[in-house]
Amino acid sequence: MDRRYEAIIFDLDGVIVSTDRYHFLAWSQLAWQERIEFNEEINHRLRGVSRMESLEIILEKASKRYTPVEKLELAERKNEVYRGLLGDLTAGDMLPGVVDTLSALRERGHKIAIGSSSKNTPVILERIGLSGYFDAVADGNGIKHSKPDPEVFLLAAGRLGIPPEQCLVVEDAEAGVVAAKRGGMAAAAIGEARNCKEADYSLGSIADLLLYV
Ligand code: BG6
Ligand code: MG
């Protein structure tokens, strides 16, 4: 069968699994403890961005200055809450249509990969039963620069051995769409990124991907 894209690289949080809600809950708790204003609009800017960069965005609203050591402590505190929430994660937390779409892509001969800024990627894949399922995984543990830098997607493409122009990235974050385009890849936007102008495709649901690949 003719393939427009040899490889499909998926963001994880908010594309494969609903952990984007857990990030929001954990940051909300930290912001509340520190008496820092936090809301969905601010949360939108955290999508696709590393933990420490997310913290810097949250601290824009803080009335006190935090030292580097205090910032590390805050990020660690948020991550502990987040990891606690991940304890309840199961395959049932995968977003609708994910399992069928992934298996249809494999049947059509596409390579599939994860490209996520999250250092918790291995534990999440384990909990939802997808450890070892993808042809390659690139995550926050293997990169220096998070989205919108293309590093994580280029790492995933390199691990697959597929040139960037033959890769399609699926993202729910504007930063991720921009990263894909900067890396020379096509981008399909879903969820909160759906109206992102830089995206090549807008997906109403993940199954729509099968129309474009
Ligand atoms: C991304 C999320 O996938 O991972 C961001 O969209 C998050 O919101 C980032 O900050 C880093 O995640 P973690 O699990 O390493 O704190
Ligand atoms: Mg995401």
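Here's a quick rundown of the structure. (Residues numbered from 1 in each chain as written. Chains lettered and ligands numbered in written order. Predicted model: local features only at pLDDT ≥ 70, side-chain atom pairs only at ≥ 80, totals over all residues. Heavy atoms only, no water.)

### Re the coordination of the magnesium ion (ligand 2)
Four donors placed tetrahedrally around a metal ideally meet at 109.5 degrees, and six donors placed octahedrally ideally meet at 90 or 180 degrees. Within the protein, the atoms that donate to the magnesium ion (ligand 2) are Asp11 (OD), Asp13 (O) and Asp172 (OD), at distances of 2.0 to 2.1 Å. For the magnesium ion (ligand 2), the donor residues sit on a single chain with the sequence spacing D-x1-D-x158-D. Here the residue Asp11 occupies a position in the loop between strand S1 (7-10) and helix H1 (19-33), and Asp172 occupies one in the loop between strand S4 (167-171) and helix H8 (174-182), the gap between them amounting to 161 residues. An identical accessibility class is assigned to Asp11 and Asp172; each is buried. (Donors = N, O, S within 2.8 Å, 3.2 Å for Na, K, Ca; no water. Helix = DSSP H or I, 4+ residues; strand = E, 2+ residues; numbered from the N terminus. Buried < 20%, exposed > 50% of the residue type's maximum accessible area, 1.4 Å probe, protein only.)

### Some points on the packing of aromatic side chains
Taken as a whole, this structure holds four aromatic pairs when the rule is applied. Between Tyr5 and Tyr201, the aromatic rings sit 6.3 Å apart at their centres with planes inclined by 85 degrees, giving edge-to-face as the arrangement. Of this pair, Tyr5 sits in the segment before S1 while Tyr201 sits in strand S6 (residues 201-203), and the two are 196 residues apart along the sequence. Here Tyr5 and Tyr201 have matching classes, each one buried. When the ring centre of Trp32 is taken as reference, the NZ or CZ atom of Arg35 above it lies at 4.9 Å. (Phe/Tyr/Trp six-rings, centres within 6.5 Å; stacked < 30°, edge-to-face > 60°. Lys NZ or Arg CZ within 6 Å of the ring centre and 35° of its normal.)

### Remarks on the packing of H1 against helix H4 (residues 68-86)
Two elements in contact, H1 and H4, have axes whose closest approach is 9 Å; the angle formed by their N-to-C orientations is 135 degrees. Taken together, the axes of H1 and H4 lie oblique to each other. In this structure, the crossing between H1 and H4 has a hand that is right-handed. Judged by residue contacts, Thr19, Tyr22, His23, Leu25, Ala26, Trp27, Gln29, Leu30 and Gln33 of H1 engage Leu74, Arg77, Lys78, Val81, Tyr82, Leu85 and Leu86 from H4. Among the residues forming the contact of H1 with H4, the class breakdown is ten nonpolar, four polar and two charged. (Axes fitted to C-alpha atoms, helices over the stretch in contact; angles between N-to-C directions. Parallel < 35°, antiparallel > 145°, perpendicular 65-115°, else oblique. Left-handed = near helix turned anticlockwise from the far one by under 90°. Contact = heavy atoms within 4.5 Å. Nonpolar A, V, L, I, M, F, W, Y, C, P; charged D, E, K, R; others polar.)

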